[in-house]
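# Fold and contact review
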Amino acid sequence: PQRTYIFTVLLSSRVFIHPHELLAKVGQLCIKQKQQLETGTEAEKAKLKSFAAKIIQLLKEWTETFPYDFQDEKSMKELKEIAHRITQCDEENGTVKKIISQMTQNLLMALSARSQYQEIREKFRQPVTDKGTILKTKPQSTQKDILSVCCDPLILAQQLTYIELERVNNIYPEDLMQIVSHMDSLDNHKCRGDVTKTYNLEAYDNWFNCLSMLVATEICRIVKKKQRTRMVEFFIDVARECFNIGNFNSMMAIISGMNLSPVARLKKTWSKVKTAKFDVLEHHMDPSSNFCNYRTALQGAAQRSQTANSNREKIVIPVFNLFIKDIYFLHKIHMNRLPNGQINFKKFWEISRQIHDFLTWKQVECPFEKDKKIQSYLLTAPIYSEEALFIASFESEGPENHMEKDSWKTLR
C-alpha cells in the first residue's frame with residue numbers, strides 16, 4: 001500500500017485497538033504465514049521473501065512515524081520477535097538483518113530524544129499577581145520592555161517563528177489523535193487504559209496564551225501615552241511580519257492580546273494609533289463564515305510551501321486551536337462506524353490527511369538564527385494576570401463610566 005494509506009491505518013487504528021495489540025496481531029500473522037510457506041519449494045520461498053519485505057515496510061513506517069507506540073516493554077518485545085522471524089526468511093544474504101538493525105537503532109534514538117524533551121519540559125510561567133509590583137512605584141526609565149531588547153518588528157517575528165517551530169516539533173500525530181480517542185469511550189474503552197497525557201498540546205496552547213498576555217502586559221504597563229502608542233504600533237507591525245512569514249499562530253496570539261479588554265479600553269491610546277494596518281490584520285482573522293479569510297490565507301501559504309525552494313518560503317504555522325477544532329468537528333460530525341458496522345474509513349482518511357499536512361509543515365527547518373537574548377525575554381519576561389492588567393490599564397487611563405469606576409474600586 002501507499003505510505004498515506006499505511007499512515008491512515010496506523011493513526012486511526014488506535015481509536016479501536018491499542019497499538020501493542022495490533023502489533024501482536026501482526027506477529028501472529030507472521031507465524032501463520034511462515035508456517036504455511038515453509039514447505040521448501042522455490043515458489044514458496046519467493047513468496048516468503050516477498051511477504052517479509054512487506055512486513056519490513058510496515059515496521060519501518062510504524063517505527064519512524066509512531067516511535068512512541070514502542071515505548072512499553074510489550075511492544076518492544078513483540079517487535080523483536082517479529083524481527084527475528086522475518087530475519088529467518090532471508091538468512092543467506094543478510095540484507096534483512098541490516099535493515100532491521102538500522103531500524104531498531106533509529107527507533108531507540110527517537111525514543112531517547114523524546115524522553116529527554118519530557119524531562120526538561122518547561123515550568124508554566126505564572127502571571128504576576130502582586131499588586132505592589134504593578135502599581136507604578138518605579139520611574140519608567142528603569143523598566144525594561146520588549147523595545148529595549150528588540151526594536152525591529154521583522155526580527156521579533158522571526159524569533160517568534162523560531163519558538164513556534166521548536167514547540168510544534170514536539171507535537172506528534174498520536175498526540176493529535178487523542179482529540180478523537182478521548183471523545184468516545186464506547187469504541188475504545190478497552191484500549192485507552194494508558195492514555196499518554198496531552199502535555200505537548202497543552203504546552204503549545206499555553207505558549208499562545210503567554211504570548212497574548214505578554215503583548216497586553218507590555219502595552220498596559222507603559223505610563224506615557226506616546227510610548228504606549230508606539231508599543232501598540234510596534235506589535236501591529238510584528239503581527240504583520242508574522243503573517244508575511246506564514247506564522248499565523250503568533251499573529252493570532254498578538255491580535256488576541258491587543259483585543260483583551262484592558263488594552264481595548266485604552267481609547268486615548270488607540271486614537272493616536274494608525275489603525276489601517278490593524279484593520280487589515282483583523283480582516284484576515286475575522287471569525288465570520290468559520291474564519292473564511294484566514295483559511296484562504298492559510299491555503300495560499302500551503303501552496304507557496306509546496307513549490308518553495310527555500311525553507312524561508314516553506315513556513316506554515318496554522319492557528320493551532322483552530323486546527324484542533326477542525327479535527328474535533330470532523331470527528332463529531334461523522335460516525336466512527338458505518339450502519340453496516342464497518343469502520344468509516346473515509347472519516348479517518350480526512351482526519352489523517354489534515355494531520356499529515358501539519359506534520360509536513362512542522363518538519364520545516366527554521367531558516368532564522370536563534371537570538372538568545374530576545375528569546376529569553378519572550379519566554380521569561382513577567383506577565384500580568386488579568387486583574388493586574390486591569391489595574392495597570394486604569395492607572396494609564398482612568399475609568400470612564402460607572403461600570404469601570406466600580407471595577408476600579410473593587411480592584412484597589
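Look above for the structure.
Here is a short report on the structure shown in this document. (Residues numbered from 1 in each chain as written. Predicted model: local features only at pLDDT ≥ 70, side-chain atom pairs only at ≥ 80, totals over all residues. Heavy atoms only, no water.)

### A few points about helix 4 (residues 73-88)
- End to end, helix 4 covers 23 Å across 16 residues, agreeing with the expected 22 Å (1.5 Å per residue, within 8%).
- For helix 4, the set of buried residues is S75, M76, E78, L79, I82, A83, R85, I86 and T87. (Helix = DSSP H or I, 4+ residues; strand = E, 2+ residues; numbered from the N terminus. Expected span 1.5 Å × (residues − 1). Buried < 20%, exposed > 50% of the residue type's maximum accessible area, 1.4 Å probe, protein only.)

### Observations regarding the packing of aromatic side chains
- In total, this model carries 16 aromatic pairs according to the counting rule given.
- Within the aromatic cluster, the residues linked to one another by ring pairs are Y204, F320, F323 and F358. (Phe/Tyr/Trp six-rings, centres within 6.5 Å; stacked < 30°, edge-to-face > 60°.)

### Structural notes on a nonpolar patch on the surface
- A surface patch of nonpolar side chains, about 330 Å² in accessible area, is lined by Y5, V9, F345 and W349.
- Only helix 1 (3-13) and helix 20 (345-362) provide two or more residues apiece to the nonpolar patch.
- Residue position: Y5 is located in helix 1.
- We classify Y5 as partly exposed; its relative accessible area is 39%. (Patch = residues over 30% accessible without salt bridge, like charges linked within 9 Å, V, L, I, M, F, W, Y side chains within 5 Å. Areas by Shrake-Rupley, 256 points an atom, 1.4 Å probe, with all protein chains shown as cover. Salt bridge = Lys/Arg side-chain N within 4 Å of Asp/Glu carboxyl O.)

### Some words on the packing of helix 11 (residues 199-220) against helix 13 (residues 248-258)
- Helix 13 packs onto helix 11 with a crossing angle of 45° between their chain directions and a minimal axis gap of 8 Å. As judged from the angle between their axes, helix 11 and helix 13 are oblique. As helix 11 packs across helix 13, the resulting crossing turns out to be right-handed. Judged by residue contacts, Y204, W207, F208, L211, S212, V215, A216 and I219 of helix 11 engage N249, S250, M252, A253, I254, S256, G257 and M258 from helix 13.
- Looking at the contact of helix 11 with helix 13 residue by residue, the classes come out as eleven nonpolar, five polar and no charged. (Axes fitted to C-alpha atoms, helices over the stretch in contact; angles between N-to-C directions. Parallel < 35°, antiparallel > 145°, perpendicular 65-115°, else oblique. Left-handed = near helix turned anticlockwise from the far one by under 90°. Contact = heavy atoms within 4.5 Å. Nonpolar A, V, L, I, M, F, W, Y, C, P; charged D, E, K, R; others polar.)

### Some thoughts on the environment of E313
- Inspection of the secondary structure assignment puts E313 in helix 18 (residues 311-314).
- Along the chain, E313 and A302 lie eleven residues apart, while their C-alpha atoms are 9.7 Å from each other.

### Details of the nonpolar core
- Ranked by size, the top nonpolar core spans 117 residues in total, and within it L176 and M258 carry the most contacts.
- If one sorts the elements of this core by residue count, helix 11 sits on top with twelve residues.
- Built from parts of two domains, this core gets at least three residues from each of domain 1 (3-121) and domain 2 (142-411).
- Setting aside anything within four residues of it in sequence, one finds M258 in contact with V215, I219, V232, F235, I236, V263, A264, W270 and F278. (Core = buried A, V, L, I, M, F, W, Y, C linked by side-chain atoms within 4.5 Å. Domains from an automatic or database assignment.)

### Looking at the pattern of salt bridges
- Counted according to the given criterion, the structure contains eleven salt bridges.
- Where R353 meets D357, a salt bridge forms, and the shortest distance between an N and an O atom there is 3.5 Å. Pair noted here: R353 and D357 are both in helix 20, with a separation of four residues, about one helical turn.
- Accessibility expressed as a relative area gives 40% for R353, which makes it partly exposed.
- For D357, a relative accessible area of 28% corresponds to the partly exposed category.
- Within this structure, K77, E81 and R85 form a network of salt bridges that share partners.

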